[in-house]
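Tertiary structure, described
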Amino acid sequence: MTMSLNDLKIEMRIHICALNARCSDPSEVPVDVKFSELLPTGGAGTAISPRIFKSFIRYSLIQAGNGDKPWPKNGQNLTIDKLAPKII
Amino acid sequence: MATQKQSRKSTLALACIIAIQLSVASAQEPPAAVLDNGASLELQLKEAFKAGEKALVAAAIKLSQNPYEIFLTSCRFELKESRSCTKYDDRAWLLDLVPEFNIEAGADGSFQSITAKVTGNYISFTQAPIGTLAGSLQPGVDDQGRKTPDLNRFSVFPISLGMETTRYFDDVAVLAEVGYVPFGKHKLLGQSFILGLNPYVGVFLQGGHKFKVRNQVRIGNSQDESSEQPNSSIGRIKLISKFNTDIPIGLSIYDQDIKPKFNAWATGWYDFVNSETYYSIGATLKFPLPGKEETFINFTIEKGSGEPNFNKGTQFSSGLSIVY
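Keep in mind it's a predicted model, so treat the numbers as computed, not measured.

1. Focus: the overall build of chain A
- Check the secondary structure of chain A and you find four helices and two strands.
- Put simply, chain A runs from its N terminus to its C terminus through helices and strands in the order α-α-β-β-α-α.
- In terms of overall dimensions, chain A is globule-like: its C-alpha atoms have a radius of gyration of 12 Å, near the 12 Å expected for 88 residues.
- If one aligns the C-alpha atoms of chain A with their principal axes, the spans along those axes are about 35 × 30 × 20 Å.
- Looking at chain A as a whole, 48% of its 88 residues qualify as buried.

Here it is as structure tokens:
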């Protein structure tokens, strides 16, 4: 069974919450705020939150059988609601 | 007759001297080579060199727009039911590498240095059913049993393989770096923090070779104070740490509250090829401009410049930074 759009959005909220120190429940992550404001800064070299987040979402889509569609170049300026339909 | 003969001899000698002088002059100042169509060969070579640079820049732009990514996972969907995949049900991995091509431009539009690298991460993580990670969103999950990465604790191994050279290809450095950065959400004194983002600690193994193809004196390059010699191997272990925090004091300027930020870092290297140690420690104080949370005035103090030159001095600097 491939991943639904709804499940992808929930998975994005789970991962963003796990990478954010102030978040205690994925429901606190808004779907209409840009990733650049949701994902924290910091990290060493390539081990930074936007790159790690993208890797995990690509992994989950491949595992679920949705494939690996190219991500929009302005991904950081999109919201969960705008990005999810483009990559599923 | 004798006078005429002497005069002929003098004329011949003079002609020989002039001919020799002309040949010496032509050896000292060769005439500019001219092609059949009348164009200067030197000019044509310069144009060809610039055309080559343009082609290289165009190739770099094309590569950055359509990067040839490497993205591998412990298991593909098509093989999910196979025995080789079931062992990755709970603990899995992914490898994400992207090429990086940087060209530092010079004043005349030509490039000064080229860096070509492959960078990315190998990530090792555990998986859990999405329903168990969704918190209060759980009732809305369509496939409760589907497993997904659990980002509450995982390990990242940053990777960088590449080379750097100058426009003249006189200094060439080939470097490989593999590190380990632990990630996870933790609590200390009631405060949550993400280890791996803020603060982060990591250990890296660096290896490579510095080639000196030919000597070229250039102005403006900072001096290399390391023990690493040209045409020698590089082997280092690097330890890194850094943390950022808001300063818990309230400042008010023009009736606007401002919250200064502070970050500090310490990095150490052990050069096991030359049995030498280096370090870089520093701190930055950032004051946001009143009413502009994304614009900061920075004050930095740093002792030891770090790689690649490992200068040992102390530096103070200030500047303005704008976060987009």
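Picking up where we left off.
2. Side note on the overall build of chain B
- A tally of helices and strands in chain B yields four helices and 14 strands.
- For chain B, restricting intrachain contacts to residue pairs at least 6 apart in sequence, the fraction spanning at least 24 positions comes to 54%.

3. Topic: helix H1 (residues 5-18) of chain A
- Taking 1.5 Å of rise per residue, the 14 residues of H1(A) would be expected to cover 20 Å, and the 20 Å separating its terminal C-alpha atoms lies within 8% of that figure.
- Counting buried positions along H1(A) yields twelve of 14 residues, so the element is predominantly enclosed.
- Residues of H1(A) that are buried include every one of A:Asp7, A:Leu8, A:Lys9, A:Ile10, A:Glu11, A:Met12, A:Arg13, A:Ile14, A:His15, A:Ile16, A:Cys17 and A:Ala18, and no others.
- Looking at the packing, one finds that the buried side of H1(A) touches helix H2 (35-38), helix H3 (49-63) and helix H4 (80-87) of chain A together with helix H4 (130-133), strand E4 (147-166) and strand E5 (171-188) of chain B.

4. Quick look at the nonpolar core
- Formed by 45 residues in total, the largest nonpolar core has its most connected members in A:Ile16, A:Leu19, A:Phe53, B:Ala134 and B:Val156.
- For A:Leu19, the contacting residues outside a window of four places in its chain are A:Leu39, A:Pro40, A:Ser49, A:Phe53, B:Leu151, B:Ile194 and B:Leu197.

5. Thoughts on the interface of chain A and chain B
- Contacts between chain A and chain B engage 35 residues on the former and 39 residues on the latter.
- Elements supplying a minimum of two residues to the side of chain A that touches chain B: H1, strand E1 (43-44) and H3 of chain A.
- Among the elements that line the side of chain A that touches chain B, the one with the most residues is H3(A), at ten residues.

6. Some points on the confidence of the model for chain B
Residues and elements named next belong to chain B.
- Residues at a pLDDT of 70 or more form 68% of chain B, whose mean pLDDT is 77.
- Throughout residues 9-32 the model reports pLDDT below 50, and contacts reaching past four residues in sequence, or to other chains, amount to two contacts.
- Both scores are available for the predicted complex, with the pTM at 0.77 and the ipTM at 0.96.

7. Overview of the confidence of the model for chain A
- Here chain A averages 93 in pLDDT, while 100% of its residues score no lower than 70.
- Per-element confidence in chain A ranges from a low mean pLDDT of 90 for E1(A) to a high of 97 for H4(A).

8. Side note on the pairing of strand E11 (residues 261-271) of chain B
Residues and elements named next belong to chain B.
- Relative to E11, strand E8 (residues 232-246) is paired through eleven bridges, and the arrangement is antiparallel. Across the sheet, the residue bridging to aspartate 246 is lysine 261, located in E11.
- Bridging between E11 and strand E12 (residues 276-289) involves eleven bridges; their strand directions are antiparallel. Within E12, the residue paired with glycine 268 across the bridge is tyrosine 279.
- The turn joining E11 and E12, which pair antiparallel and follow one another in sequence, is formed by four residues; a positive phi near 50° is taken by serine 275.

9. Considering the environment of A:Ser4
- By the element assignment, A:Ser4 lies in the segment before H1.
- Between the C-alpha atom of A:Ser4 and that of A:Gly42, which follows or precedes it by 38 residues, the distance is 31 Å.

10. What to know about unusual backbone geometry
Residues and elements named next belong to chain B.
- The linkage connecting asparagine 198 with the following residue, proline 199, adopts the cis geometry, with an omega of 0°.
- As for its position among the elements, proline 199 is in the loop between strand E6 (191-195) and strand E7 (200-212).
- Its identity as a non-glycine residue notwithstanding, leucine 189 has a phi of 55°, on the positive side.
- Tracing the backbone through its elements, the reader meets leucine 189 in the loop between E5 and E6.
- Taking the C-beta count within 10 Å as the criterion, leucine 189 has 4 such neighbours and is therefore assigned exposed.
- Not every positive phi belongs to a glycine, and serine 275 is a case in point at roughly 50°.
- Within the element layout of this structure, serine 275 appears in the loop between E11 and E12.

11. Structural notes on the packing of H1(A) against H4(A)
Residues and elements named next belong to chain A.
- The geometry of H1 relative to H4 is characterised by a closest axis approach of 10 Å and an angle of 125° between their N-to-C directions. Judged by the angle between their axes, H1 and H4 are oblique. In the crossing of H1 with H4, the sense of the turn from one axis to the other is right-handed. Contacts from Leu5, Leu8, Lys9, Met12 and Arg13 in H1 reach Ile80, Ala84 and Pro85 in H4.
- Of the residues in the contact of H1 with H4, the class split is six nonpolar, no polar and two charged.

12. Quick look at the environment of B:Val201
All names here are of chain B.
- Counting through the fold element by element, valine 201 comes out in strand E7.
- Each C-alpha atom, one on valine 201 and one on threonine 267, is 9.6 Å from the other, the two residues being 66 residues apart in sequence.
- Setting aside chain neighbours within four positions, we find valine 201 in contact with Ile240 and Ser241.

13. Topic: the pairing of E8(B)
- Sheet analysis places E7(B) next to E8(B), joined by eleven bridges and oriented antiparallel. Within the sheet, the bridge partner assigned to B:Val203 lies in E8(B) and is B:Leu239.

The rules behind each value
- Residues numbered from 1 in each chain as written.
- Chains lettered and ligands numbered in written order.
- Predicted model: local features only at pLDDT ≥ 70, side-chain atom pairs only at ≥ 80, totals over all residues.
- Helix = DSSP H or I, 4+ residues; strand = E, 2+ residues; numbered from the N terminus.
- Rg over C-alpha atoms; globule rule 2.2 N^0.38 Å.
- Buried ≥ 20, exposed ≤ 12 C-beta atoms within 10 Å, placed from the backbone.
- Contact = placed C-beta atoms within 7 Å.
- Expected span 1.5 Å × (residues − 1).
- Core = buried A, V, L, I, M, F, W, Y, C linked by C-beta atoms within 7 Å.
- pLDDT = per-residue confidence, 0-100.
- Pairing = 2+ DSSP bridges.
- Axes fitted to C-alpha atoms, helices over the stretch in contact; angles between N-to-C directions.
- Parallel < 35°, antiparallel > 145°, perpendicular 65-115°, else oblique.
- Left-handed = near helix turned anticlockwise from the far one by under 90°.
- Nonpolar A, V, L, I, M, F, W, Y, C, P; charged D, E, K, R; others polar.

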